[in-house]
Amino acid sequence: MPGSGLGLSIVDDLAQLYGGELRLADSPLGGLQAVLTLPAVRSGMSHLNANLP
């Protein structure tokens, strides 16, 4: 069943929304390597993200 091709675009938008990034590269084993990096939130700082969806 083919997909719509929106998955990585949505992940990239969410990563940027939360201050992170999505990096894509060729995998040495073939195919695609996707690395999602998100910032850590310290305990007691969760109120900073209260307005995020």
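Here's a quick rundown of the structure. (Residues numbered from 1 in each chain as written. Predicted model: local features only at pLDDT ≥ 70, side-chain atom pairs only at ≥ 80, totals over all residues. Heavy atoms only, no water.)

Observations regarding the overall build of the protein chain
At step 1: Across its full length, the protein chain carries 1 helix and 2 strands.
At step 2: Burial status across the protein chain gives 8% buried among its 53 residues.
At step 3: Across the protein chain, the fraction of contacts at a sequence separation of at least 24, relative to all contacts at a separation of at least 6, is 15%.
At step 4: For the protein chain, the exposed area adds up to about 4,600 Å²; of that, 58% sits on carbon and sulfur atoms. (Helix = DSSP H or I, 4+ residues; strand = E, 2+ residues; numbered from the N terminus. Buried < 20%, exposed > 50% of the residue type's maximum accessible area, 1.4 Å probe, protein only. Contact = heavy atoms within 4.5 Å. Areas by Shrake-Rupley, 256 points an atom, 1.4 Å probe, with all protein chains shown as cover.)

Focus on the environment of Gly19
At step 1: By the secondary structure assignment, Gly19 is in the loop between helix H1 (7–17) and strand S1 (21–26).
At step 2: Under the relative-accessibility criterion, Gly19 is labelled exposed at 56%.
At step 3: In the structure, Gly19 is positioned 20 residues away from Pro39 in sequence and 6.6 Å away in space, judged by C-alpha atoms.

Note that all results are geometric; they support no functional claim without further evidence.
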